[in-house]
Amino acid sequence: MKRALVTGGAGLIGSHVADLLVCQGWRVRILDNLEPNTHKLGKPVWINREAEFVHGDLRDREAIEDALSDIDMIFHQAAYGGYMPEMAKYVHVNSLGTAQMLEVIREKDYRGEFAGGLQRRRGSVPKARPRFSKGAAGGTIAAR
Ligand SMILES: NC(=O)c1ccc[n+]([C@@H]2O[C@H](COP(=O)([O-])OP(=O)(O)OC[C@H]3O[C@@H](n4cnc5c(N)ncnc54)[C@H](O)[C@@H]3O)[C@@H](O)[C@H]2O)c1
């Protein structure tokens, strides 16, 4: 059985990605910090019950390292909203958090695939000769 990590799997896009993967027979792990500005009522009921839920932060390197263990494919949808006044937090989560995840992928010689939301950020995995294709809501970087 293939295993997927969905970051931001409690959010709009990530929760649908997680549902689809579960339906398709994937084993799914969700990493989400349940950002209070996004989830004002706490853990949402729509998180797929068959998915493993990890309450963790994209900015926490150790949490990323743990979440990546035994994963074949990463769907990176964790993001902090762009309509908040906290600009530094926006950059920290979305840019530095994503950059750190790509660093961990490289350091750990992760051999899976990475697909990320691209509304406001783009990335590649250095030395991995990424194949990069743009889509309406996301793109894929193959890190093999
Ligand atoms: N919703 C859209 O219409 C749309 C369209 C195009 C692109 N996108 C992109 O897709 C991605 C996801 O968007 P969405 O609409 O699902 O957003 P969302 O706010 O509904 O979900 C984001 C999830 O990320 C989590 N999160 C926030 N900060 C985190 C952190 N530090 N660590 C771990 N988890 C964290 C939140 O708790 C939330 O569950 C974003 O990059 C967005 O730009 C969304």
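In case you missed it, the structure is sitting above this.
All of the points below concern the structure found in this document. (Residues numbered from 1 in each chain as written. Predicted model: local features only at pLDDT ≥ 70, side-chain atom pairs only at ≥ 80, totals over all residues.)

### Digging into the overall build of the protein chain
To be explicit about the condition: Strands are runs of DSSP state E lasting at least two residues, helices are runs of H or I lasting at least four, and both sets are numbered from the N terminus onward. Neighbour counting defines burial: a residue surrounded by 20 or more other C-beta atoms within 10 Å of its own C-beta is buried, one with 12 or fewer is exposed, and intermediate counts give partly exposed, using backbone-placed C-beta atoms. What counts as a contact here is a pair of residues whose C-beta atoms, placed from the backbone, lie within 7 Å.
Of regular secondary structure, the protein chain possesses three helices and seven strands. Mapped from its N terminus to its C terminus, the protein chain presents α and β elements in the order β-α-β-β-α-β-α-β-β-β. Counting every position in the protein chain, which comprises 144 residues, the buried fraction comes to 32%. By sequence separation, contacts in the protein chain at least 24 residues apart represent 58% of the contacts at least 6 residues apart.

### Focus on helix α3 (residues 87-107)
An α-helical segment advances 3.6 residues per turn. Residues three or four places apart therefore align on the same side. Our working definition: Between the first and last residue of a helix there are one fewer steps than residues, each counted as 1.5 Å, and that sum is the expected span. The term bend refers to the angle at a residue between two fitted axes, each drawn through seven residues, those ending there and those starting there.
Given a rise of 1.5 Å per residue, 21 residues ought to cover 30 Å, and the 29 Å separating the end C-alpha atoms of α3 matches this to within 8%. Where α3 bends most, the angle comes to about 30°, and this point is L96. If you check which residues of α3 are buried, you get V93, N94, G97, T98, M101, L102 and I105. At the C-terminal side of α3, D109 shows a positive phi close to 55°.

### A closer look at the nonpolar core
What counts is decided by this rule: Throughout this description, the term nonpolar core refers to a group of buried Ala, Val, Leu, Ile, Met, Phe, Trp, Tyr and Cys residues whose C-beta atoms join them within 7 Å.
Core analysis: the biggest nonpolar cluster contains 26 residues, and A4, L5, V6, A18, V28, I30 and F75 have the highest contact counts within it. Secondary structure elements with two or more residues in this core: β1 (3-7), α1 (12-23), β2 (27-32), α2 (61-67), β4 (73-76), α3 and β5 (113-117). The element contributing the most residues to this core is α3, with four residues. Discounting residues that sit within four places of it in the chain, V6 has contacts with G14, V17, A18, V28, I30, F75 and Q77.

### Here's the deal with the environment of L34
Summarising the element assignment, L34 is placed in the loop between β2 and β3 (52-55). Expressed as a C-alpha distance, the spacing of L34 and D57, which sit 23 residues apart in the sequence, is 8.7 Å. Apart from residues lying up to four places away in sequence, L34 is in contact with A10, H39, G42, K43 and H55.

### Some thoughts on the pairing of β2
Short version of the rule: Pairing between two strands is assigned when DSSP locates at least 2 bridges connecting them. Place the viewer so that the strands point away; then a crossover is right-handed whenever the path from the first strand over the helix to the second strand goes clockwise.
Extensive coverage of β2 is indicated by the burial of five of its six residues. Pairing of β1 with β2, which is carried by five bridges, proceeds in the parallel orientation. Bridged to A4 within β2 is V28. For the handedness criterion, the β-α-β arrangement of β1, α1 and β2 is classed as right-handed. Of the pairings in the sheet, the one linking β2 to β3 comprises four bridges and is parallel in character. The residue of β3 that forms the bridge with D32 is H55.

### A look at α1
Applied cut-off: Picture the helix axis, draw a direction to every C-beta atom, and the arc is the one those directions span.
The end-to-end C-alpha separation of α1 is 17 Å, in line with the 16 Å expected for 12 residues at 1.5 Å each. Listed as buried for α1 are G14, S15, V17, A18 and L21. The arc that holds every buried residue of α1, seen down its axis, measures 160°, which confines them to one face. In α1, the exposed positions angled more than 90 degrees off the buried face are occupied by L12 and C23. Buried residues in α1 make contact with β1, β2 and β4. Count one or two residues on from α1 and you reach G25, which has phi positive near 90°.

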